[in-house]
Every structure is written in C-alpha cells, then in structure tokens.
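Notes for the structure review
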Amino acid sequence: MERVEKDFIGTKMIPEEALYGIHAVRARENFPFLDPFDSDWYASVGTVKLACYQTYLQLHDAITAKYGDKSPIPIIEKPIIFALIKAAGEVANQRHFEWFITPSTQGGAGTSINMNINEIIANRALQIMDSKPGNYSMIDPIEHANIYQSTNDVIPTALKICMMQLLKKLEASINELRQNVEIKEREGRDCIRIGYTQMQAAVPSSYGKLFAAYSEALSRDWWRVSKCFERIKVVNIGGSAIGTGIAVPRFFIMEVIGQLQSITKLPVTRSENMVDATSNLDSFVEVHAILKSLAVNLEKITSDIRLLASDVVGEKELTIPARQVGSSIMPGKVNPVIAEYCITVAHKVYANDQLISGLSALGCLELNAYLPEIGNAVLSSIKMLTKACESLSEFLIKGIVFNSAVAMQKLY
C-alpha cells in the first residue's frame with residue numbers, strides 16, 4: 001500500500017508505513033547513492049530538535065500564562081508538542097535510522113538532512129498519537145517538526161554536538177596509545193641501539209629515547225585534540241536561515257541553548273554573532289588541521305616501526321606481533337598490517353583535509369552549501385583516527401619486543 005504526498009513541485013507515492021516523506025524521496029532521486037549518512041550526526045540532529053521542542057514547550061507555557069486563550073500568535077497544542085518530544089528523543093537514540101534515506105553526498109546545504117528527519121519525527125509523532133504516517137493536516141514536517149528552526153542552524157549545531165561527543169572518544173584512544181608507548185619507553189631504556197639520520201647509521205641512542213619521542217608527540221596530539229572543544233563550542237541554533245533570527249521569538253533564541261546544554265552536558269554556547277557562525281566554517285578547518293597533525297604523527301611512528309621490524313634491515317632489533325597470514329602462496333610470511341592500516345588512515349585524513357579546506361572556502365555570502373560533505377569528512381576523520389589509535393595500541397605497540405643482543409651487535 002502507498003500514500004500520496006505532494007509539494008509545490010508535484011506528487012510522489014510513498015510506502016504507507018514509511019516514516020520518510022516526499023522531501024527524502026526527492027533527495028534520494030537527485031543524489032545517486034554513494035556513502036550512507038553518519039548515524040551519529042543523525043542522532044545529534046534528533047538531540048537538537050529535542051532541545052527545540054522542549055524550548056517551545058516553555059514558550060507555550062509563557063504565552064499561555066500571559067495571554068490565556070488570546071495568544072497573539074498561533075501555538076501548537078500540547079499533545080502534539082509532547083509527541084514531537086518523544087519522537088525526537090527516539091531519533092536522538094538512533095532509532096528509526098532505517099527511514100533516513102538521504103545519502104551523505106548531496107546538494108542543498110543540508111536541507112535534505114533536515115527534512116528527512118523532520119518527516120521521521122512528524123510521522124513517528126503521528127503514530128504516537130494513534131494516527132497514520134502522512135496525516136500532515138494533524139502534524140506537519142515543516143509547520144510542527146521544524147518549528148522555529150532552519151536547516152542552517154539545526155544541522156551545523158548538530159554537527160558540532162556530534163563532533164564533541166566523538167572527540168571525547170578520540171582523546172581517550174590517544175591517551176591509551178600514549179600510555180602503552182610509555183610502557184615500551186621504560187622497557188627500552190637499557191636497550192642501546194644505533195640512531196639513524198637519513199637512513200644512515202649515526203650515533204648511539206636507545207629504544208627508550210626513541211619511544212620517549214613518540215610519547216611526546218602523542219602528548220601534543222592529546223593536548224591539541226582536548227582544545228578542539230574551544231573551537232566548536234559556539235553554535236548558531238536560533239539564528240534561523242542566515243543567523244539573524246528572523247521569525248524566531250527572542251525567548252526561543254535565549255532559552256534553547258540552555259536546553260541543549262542540559263540535554264548534552266556539553267559546553268555549548270550561543271554565538272554572539274550568529275551570522276558569522278552560520279556563514280563561516282573556518283572552525284572546522286582548524287579542528288581538522290589538528291586531526292591532520294595526529295595523522296602525521298601516527299604515520300611517522302608506524303612507518304618507523306614497520307622499517308625497524310622489516311627484513312630489509314637484516315637481523316631484526318625489534319619484532320612486532322604476527323596478526324594474520326601474509327600471503328596465499330608464500331608460507332610463513334607475515335605482513336605489518338597494523339602499520340599499513342594506520343598509514344592508510346593517515347592518507348585518507350590528508351585527503352579529507354584538502355576536501356574540507358576547499359569546500360569551506362567555497363562558502364558564498366551568508367551560507368556554505370557544502371556543509372554536509374564537510375561534516376561527513378570531519379566525522380570520518382575523527383572515527384578513523386580513533387580506530388587507528390585503538391588498533392595501533394592494542395595490536396602493535398603492546399606486542400613489540402626489543403632484541404637487545406642484535407641491537408648491541410650493530411654498535412660494533
């Protein structure tokens with residue numbers, strides 16, 4: 001069974017049970033599917049909308065207290081608000097993601113993201129109120145689910161919320177990696193080796209000093225990542241289409257950030273210049289540059305270890321864990337797959353950095369149309385680096401063994 005939905009362009013047939021609607025279907029048609037949209041960002045949009053509905057509930061109570069049943073503006077009935085709050089809470093917990101059909105690569109500055117989630121929330125709210133999806137005369141994706149919101153303030157605010165949550169995990173993974181590198185530093189203090197410059201033997205050193213240098217680099221990475229929150233804590237929710245707050249009650253603008261802080265427990269704050277916060281995306285460029293620095297250090301560390309553990313150097317001073325069979329035709333061959341994985345991640349981060357820089361510069365006047373791709377690239381880099389740190393720490397660094405006798409022989 002299908003239902004008919006329409007917009008000013010025309011009509012579309014939608015599966016009767018679907019929580020998406022015509023806007024999501026148009027997006028899927030217009031943007032041939034590439035990569036799926038990030039589910040954590042999806043959940044963060046639900047969180048931002050939950051804050052908006054809770055703020056609207058406060059506004060509803062304030063208007064009712066002042067004007068009674070003679071409100072100067074139309075107000076949404078409380079049962080609908082409560083249904084929207086419940087539906088948004090479910091989205092914030094990543095429920096109903098199967099109905100999000102908008103691909104990650106798209107045009108329109110994120111309108112398709114916002115509308116697909118508006119449709120999910122509206123249709124789920126209809127179910128909560130014992131109605132059927134598509135009954136927009138009762139709960140509408142724009143008039144109700146998008147009340148006092150715009151794509152241009154909801155989607156970037158949700159992106160920053162998502163980034164903060166993921167950066168906490170990245171911080172923890174860097175710290176765990178650094179701690180395991182420090183263990184190897186202590187193990188290698190008395191393991192003397194030749195230091196190399198330009199791949200040529202230079203002067204005596206130790207594995208302790210080599211791993212101490214890695215530890216210092218990772219400490220800087222941890223510190224830099226911890227400071228990313230300062231770069232992205234300023235959000236533009238309440239700014240509406242271009243940051244001027246047009247058609248948004250001042251009460252809503254002032255109160256919504258408090259709701260968002262209460263829900264997320266994150267240090268988000270309202271921008272003093274929401275036009276700037278809407279149109280300029282340099283904070284994402286800055287944060288990703290910090291991520292790129294981490295990628296550079298991971299590549300340097302893993303390249304060094306791969307070289308020292310290779311057969312190219314002759315008898316090995318350092319051995320790494322055997323993680324998997326290295327060949328289908330060469331018996332006993334083991335490859336440095338963890339190092340290769342980390343190096344690959346680093347180069348994907350470099351590619352994302354170029355993408356983010358280029359698209360951020362393409363912002364035009366009051367808005368950047370390429371926020372969805374910028375956001376997906378940033379989130380991808382954070383997640384890849386988190387997993388690379390975890391893999392490097394657990395499957396490579398922990399199992400390194402220093403061969404002191406071999407290292408000493410090379411000194412003479």
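Per-chain numbering applies: the sequence of each chain, read as written, is numbered from 1 onward. With the structure being a predicted model, the display of local features is reserved for residues of pLDDT at least 70 and the display and counting of side-chain atom pairs for 80 or more, all residues being used for whole-chain, interface and lining totals. Side-chain figures throughout are based on the complete set of non-hydrogen atoms in the structure, without hydrogens or water.

**What to know about the pattern of salt bridges**
A side chain with one charge can pair with a side chain of the opposite charge if their charged atoms come near. Here, a salt bridge means any side-chain nitrogen of Lys or Arg that lies within 4 Å of a carboxyl oxygen of Asp or Glu. With the rule as written, the count across this model stands at 18 salt bridges. Measuring nitrogen to oxygen at the nearest pair gives 3.2 Å for the salt bridge that ties Asp353 to Lys292. Remark: Lys292 occurs in helix H10 (residues 282-308) and Asp353 occurs in helix H11 (residues 337-361); sequence separation between them is 61 residues. In this scheme, a residue with accessible area under 20% of its type's maximum is buried, one over 50% is exposed, and one in between is partly exposed, where area comes from a 1.4 Å probe on protein chains only. A relative accessible area of 11% means that Asp353 is categorised as buried. Glu394 is the salt-bridge partner of Lys398, the closest N and O atoms lying 2.9 Å from each other. Look at Glu394 and you get partly exposed, because its relative accessible area is 41%. Within the structure, one salt-bridge network assembled from shared partners comprises Asp38, Asp40 and Lys383. Secondary structure elements follow DSSP: runs of H or I no shorter than four residues count as helices, runs of E no shorter than two count as strands, and numbering proceeds from the N terminus.

**What to know about the side chain of Glu5**
Within the fold, Glu5 resides in strand E1 (residues 2-6). Residue classification places Glu5 among the buried residues on the basis of a relative accessible area of 4%. Apart from residues no more than four positions distant in its own chain, Glu5 is found in contact with Gly10, Thr11, Lys12, Ile14, Tyr20, Gly21, Ile22, Gly134 and Tyr136. We call two residues in contact when some of their heavy atoms are within 4.5 Å.

**What to know about the pairing of E1**
A one-sided burial pattern is seen for E1, the buried positions being Arg3 and Glu5 and the unburied ones Glu2, Val4 and Lys6. When DSSP finds at least two bridges between two strands, those strands are taken to pair. The pairing of E1 with strand E2 (residues 11-15) spans five bridges and is antiparallel. The partner of Glu2 across the bridge, within E2, is Pro15. Hairpin geometry of E1 and E2 is characterised by an intervening segment of four residues between the two adjacent antiparallel strands.

**Some remarks on the packing of aromatic side chains**
Any pair of Phe, Tyr and Trp rings, taking the six-membered ring for Trp, is counted once the centres come within 6.5 Å. Such a pair is stacked with planes under 30 degrees apart, edge-to-face with planes over 60 apart, and tilted for the rest. One pass over the structure, following the stated rule, counts 11 aromatic pairs. Ring centres of Tyr207 and Phe402 lie 4.7 Å apart, and the angle between their planes is 25 degrees; on these two criteria the pair is classed as stacked. Of the two residues, Tyr207 sits in helix H6 (residues 207-226) while Phe402 sits in strand E8 (residues 401-402), which places them 195 residues apart along the sequence. Since its relative accessible area comes to 0%, Tyr207 is described here as buried. For Phe402, a relative accessible area of 13% translates into the label buried. Above the ring of Tyr20, the side-chain terminus of Arg28 is found at 5.7 Å from the ring centroid. Seen from the ring of Tyr207, Arg193 lies directly overhead, with NZ or CZ sitting 5.1 Å from the centre. For a Lys NZ or an Arg CZ to count as sitting over a ring, it must be within 6 Å of the ring centre and within 35 degrees of the ring normal.

**Here we look at the environment of Thr64**
Within the fold, Thr64 resides in helix H2 (residues 39-67). Residue classification places Thr64 among the partly exposed residues on the basis of a relative accessible area of 34%. Looking at Thr64, its side chain comes within polar contact range of the main-chain oxygen of His60, at 2.8 Å. Two N or O atoms form a polar contact when they lie within 3.5 Å of each other; inside protein one atom must be a possible hydrogen donor and the other a possible acceptor, and for residues adjacent in sequence the pair counts only when both atoms belong to side chains.

**Some details on the environment of Glu366**
By the element assignment, Glu366 lies in the loop between H11 and helix H12 (371-395). Sequence-wise, Glu366 and Ile329 are 37 residues apart; in three dimensions their C-alpha atoms are separated by 59 Å. When residues no more than four places from it in sequence are discounted, the contact partners of Glu366 are Ile242, Thr278 and Ser279.

**Overview of the packing of H2 against helix H3 (residues 78-92)**
Angle between the axes and distance between the axes are the two parameters that describe a pair of packed helices. In the contact formed by H2 and H3, the axes pass within 7 Å of each other and the chain directions differ by 160 degrees. In terms of their interaxial angle, H2 and H3 are classed as roughly antiparallel. Once H2 is placed against H3, the crossing between them reads as left-handed. Residues Tyr42, Ala43, Gly46, Thr47, Lys49, Leu50, Tyr53, Gln54, Tyr56, Leu57, His60 and Asp61 of H2 touch H3, and the partners they reach there are Lys78, Ile81, Phe82, Leu84, Ile85, Ala88, Gly89, Val91 and Ala92. Across the contact of H2 with H3, the residue classes tally to 13 nonpolar, five polar and three charged. Simply put, an axis is a line fit to the C-alpha atoms, just over the touching stretch for a helix, and the angle between two N-to-C directions goes from 0 to 180 degrees. Roughly parallel means an angle under 35 degrees; roughly antiparallel, over 145; roughly perpendicular, 65 to 115; everything else is oblique. For any pair of crossing helices, the crossing counts as left-handed if the nearer helix is rotated counterclockwise from the farther one by less than a right angle, and right-handed if it is rotated clockwise. Three classes are used: nonpolar for Ala, Val, Leu, Ile, Met, Phe, Trp, Tyr, Cys and Pro, charged for Asp, Glu, Lys and Arg, and polar for all others, with Gly counted as polar.

**Details of unusual backbone geometry**
Of note, Asp130 is a non-glycine position whose phi angle comes to about 65 degrees, a positive value. Locating Asp130 in the fold gives a position in the loop between helix H4 (111-128) and helix H5 (151-187). Since its relative accessible area comes to 75%, Asp130 is described here as exposed.

**Comments concerning H6**
Here H6 spans 28 Å end to end across 20 residues, near enough to the 28 Å set by a 1.5 Å rise per residue. When we look at burial in H6, the residues that qualify are Tyr207, Gly208, Leu210, Phe211, Tyr214, Ser215, Ala217, Leu218, Asp221, Val225 and Ser226. To estimate how far a helix should extend, the number of its residues minus one is multiplied by 1.5 Å.

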